[in-house]
Amino acid sequence: MLADVTSWLVWIFPLVSSVFVPLIARAGEKARNAFVIGVTAVTASLALTLIPAASSGEGGAINLVAPWISQAITAGVYIDPLSVLFTCLVGFFGLIIAIYSLGYMKHEENLTRYYFYLLLFIGSMIGLVISDNFLQLFIFWEMVGLCSYSLISFWNNRPESVKAGNKVFIMTRIGDASLLAAVGILYASLNTFSFHGTITAILNGTLPSSTLTVVAFLVLGGAIAKSAQLPLHTWLYSAMEAPTSISALLHAATMVKAGVYLIARFILIAAPMIAVLEGSWLPTVAWIGVLTAFLGATMALYTPDIKGVLAYSTVSQLGFMMAALGTSLAASESLGWFASLFHTMSHAFFEGLGFLLAGGIIHALGTRDMRLMGGLRKAMPVTYALAIIMILTTSGLPPFAAFFSKGLIITSITEEGSLLQVILIYATTAITFAYSLRFVKLIFLGKESEHLQKLHPHEAPKIMLAPAFVLAVACLIWGFLEPWLGSYMGVAEVPSLLSSFVGLETAIFAVILIPAGLLIYAAYWKNYSIMNSLRSASNPLAKLLSHGYFFDDFYEKVVAKGVMLFSRGVKFFEVVFLEIFPMVFANMVIRFAGGVHKYFEAAADQLLTVIAGRTVDSAAKVKTLDSLADRFLDIIARHTLRSASRAEGSSSSLQHYLAAALLGFIVLVILLIISVGV
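Residues numbered from 1 in each chain as written. Predicted model: local features only at pLDDT ≥ 70, side-chain atom pairs only at ≥ 80, totals over all residues. Heavy atoms only, no water.

Mapping Thr-172 onto the fold places it in helix H6 (residues 159–190). Since its relative accessible area comes to 2%, Thr-172 is described here as buried. Within the structure, the side chain of Thr-172 is placed 3.3 Å from the backbone oxygen of Phe-169, a separation counted as a polar contact. Excluding anything up to four places from it in sequence, Thr-172 contacts Ala-225, Trp-235 and Met-255. (Helix = DSSP H or I, 4+ residues; strand = E, 2+ residues; numbered from the N terminus. Buried < 20%, exposed > 50% of the residue type's maximum accessible area, 1.4 Å probe, protein only. Polar contact = N/O pair within 3.5 Å; in protein donor to acceptor, adjacent residues only side chain to side chain. Contact = heavy atoms within 4.5 Å.)

Taking 1.5 Å of rise per residue, the 31 residues of helix H15 (residues 335–365) would be expected to cover 45 Å, and the 44 Å separating its terminal C-alpha atoms lies within 8% of that figure. At the exit of H15 stands Gly-366, carrying a positive phi of roughly 75 degrees. (Expected span 1.5 Å × (residues − 1).)

A few words now on the pattern of salt bridges. It is possible for side chains bearing opposite charge to pair when their charged atoms get close. All chains considered together, the criterion is met by 8 salt bridges. As a salt-bridge pair, Glu-241 and Arg-368 come within 3.8 Å of each other at their nearest N and O atoms. A residue pair is termed long-range when its members are at least 10 positions apart, and Glu-241 in the loop between helix H9 (235–238) and helix H10 (244–252) and Arg-368 in the loop between H15 and helix H16 (376–379) qualify at 127 residues. One salt-bridge network, in which partners are shared between bridges, spans Glu-142, Arg-173, Asp-176 and Lys-226. (Salt bridge = Lys/Arg side-chain N within 4 Å of Asp/Glu carboxyl O.)

Together, Phe-573, Phe-577, Leu-578, Phe-581, Phe-585 and Val-589 give the surface a local cluster of nonpolar side chains, amounting to about 620 Å² of exposed area. Mapped onto the elements, Phe-585 comes out in helix H27 (residues 551–647). (Patch = residues over 30% accessible without salt bridge, like charges linked within 9 Å, V, L, I, M, F, W, Y side chains within 5 Å. Areas by Shrake-Rupley, 256 points an atom, 1.4 Å probe, with all protein chains shown as cover.)

Moving on, we get to the environment of Leu-262. Position of Leu-262 relative to the elements: it lies in helix H11 (residues 255–269). Accessibility expressed as a relative area gives 3% for Leu-262, which makes it buried. Remark: the alpha-carbon pair of Leu-262 and Val-219, spanning 43 residues in sequence, is separated by 7.7 Å. For Leu-262, the contacting residues outside a window of four places in its chain are Leu-137, Trp-141, Leu-179, Val-219 and Ala-223.

For the structure on display, the rule yields 26 aromatic pairs. When the ring of Tyr-237 is compared with that of Tyr-312, the centres are 5.1 Å apart and the planes differ by 10 degrees; the resulting orientation is stacked. Placement of the pair is Tyr-237 in helix H9 and Tyr-312 in helix H14 (residues 306–325), with a sequence separation of 75 residues. Its relative accessible area of 29% is what places Tyr-237 among the partly exposed residues. Look at Tyr-312 and you get buried, because its relative accessible area is 13%. The ring of Phe-320 has Lys-406 sitting right over it, with the charged end atom 5.1 Å from the ring centre. (Phe/Tyr/Trp six-rings, centres within 6.5 Å; stacked < 30°, edge-to-face > 60°. Lys NZ or Arg CZ within 6 Å of the ring centre and 35° of its normal.)

This paragraph deals with unusual backbone geometry. The omega torsion of the bond from Leu-230 to Pro-231 falls at 0 degrees, within 30 degrees of zero and hence cis. Within the secondary structure, Pro-231 sits in the loop between helix H8 (209–226) and H9. Residue Pro-399 is reached from Pro-398 by a cis peptide bond, and omega for that bond is 5 degrees. In this structure, Pro-399 sits in the loop between helix H17 (381–395) and helix H18 (401–416). Phi is positive for Asn-110, close to 60 degrees, though the residue is something other than glycine. Tracing the backbone shows Asn-110 in the loop between helix H3 (81–104) and helix H4 (111–130). On the basis of relative accessibility, which here comes to 46%, the residue Asn-110 falls in the partly exposed class. Not every positive phi belongs to a glycine, and Tyr-549 is a case in point at roughly 60 degrees. Note on placement: Tyr-549 falls in the loop between helix H26 (540–546) and H27.

It is worth stressing that arrangement in space is one thing and function is another; only the former is reported here.
Printed below as a string of structure tokens:
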């Protein structure tokens, strides 16, 4: 089977090829560029070969494994409609962005590093979505984060780019830690990382419902950070310091879509126990999505940055996707689950198109500030025409792609969500239409600004317009592929295309667009004073929006300073209790030991002096006793001699002699005992 080989090559090939970019670059710039285009084209082709294998008619997922760390921990690929959908998306946009980069990055330095990370980014993202186990997924999850950090801070000679890269890296690490905890708990509970093993354990009831709930919320934490959802959404605007080509890839197919994929995959894995998650987890996913969609749209309505509008638009549209996933009560059979994935593709086309067009505009004008633009319609007519397609698709107007996908999301939330969620989603769609109109008015319509008159802008190069044209065509035709995609994804019932035009949700949607359009008309075409006062910097609402609801201010002034204060406290504890206190204690011990030593030394000297004195005294006494003993023995000896002389003549004298000798011996022994005892 062809998929048995291509499912491995589709991610291994770009990963390995990235290593050869510096080597090929030695042969010249053209050789390097041709190599990169060739690798991305082959990768896209390999992704397309997986579509037949993943067809729902072939019995679901195909799990191919190979030996890795141990028999229990293997590497593998998981081929099902979800993984193949994302693989094709990444492969397609990898080729689009590689071609676009030939024009947009043509005069930049360090392009070898740029193309190295581009191929590594593509391979890592495909590896993430096609992995068959949580450990492999997490490794690629981290590689995607590394590549995004490196490409966002590509212009490392610019302080703002380095700062943005650091911000992205730090904020997404919060989600990474959450996901790692989820993976660790699953492995500790089931002794396996594989999707298949986890699904089997859930089917058999091996995984407790409480554990599944904890894991689900930790997985959600990972998705919130990666897909820029509240409250960790602020990094996405900062990421606009990346080259615009990378911004397009980041928003359309890689970094931010990883979180959406993770939640969609987890819903499939937890499908046998999805009822456990209906009470708390799924509503949380839905509410995070709805609130993110609303706040993102309001911030896009105010920012003057052309890439900022697209960044906040992505935040909002990702909120739509999450909100739909939160209504997925029956896993892959759920309308919300399918609607989210359908809109993921729609968003990739129109947001990718928006960034490619913004890149051409920035390339021509040298600024991202829309207040310095205006009147570009004549100077850049092709870009203007493509931008019209982009904003109509973004707004969800028929017959463009987002009309069908966003309509399905609204329907799913209407059926499964609360009334407040429905109201907020409708309000968000109206605001989306408003910021889209503002976008095209500030950039293309009206009189040319003084800034433009000095520059004499021209149309973007053809090599930059060609990829944009392809995405514009996709915006036109993608919506009509809804029935085919629904069947391919295995969704039980997908509304017909006709019902999308005549449904109640469509009528409500059409009605709410009217006031949104009138407000923008009054503010930017007629310049009514009341609208100007609303846009004034002194207006509290304008100040709130200009500061992005003060999320970054809170993080910098409260969270960051709180962390620094805590760190200083830990440092103080470390210095005082682990450095100074031990040093003081050691000095006290040394001093005490010195005092004890001196005391005992003095006591020992005194004791030795006493002992020596006693010894001298005893020696003197012994000497005296010895003298007395000598004198006594001398006396005894003389008496003995006299007695011996007398004994010669008398037997009684002999008896006296023997008695005296015995007495002398006894006295001698006593004196010896006394001498030794002393």
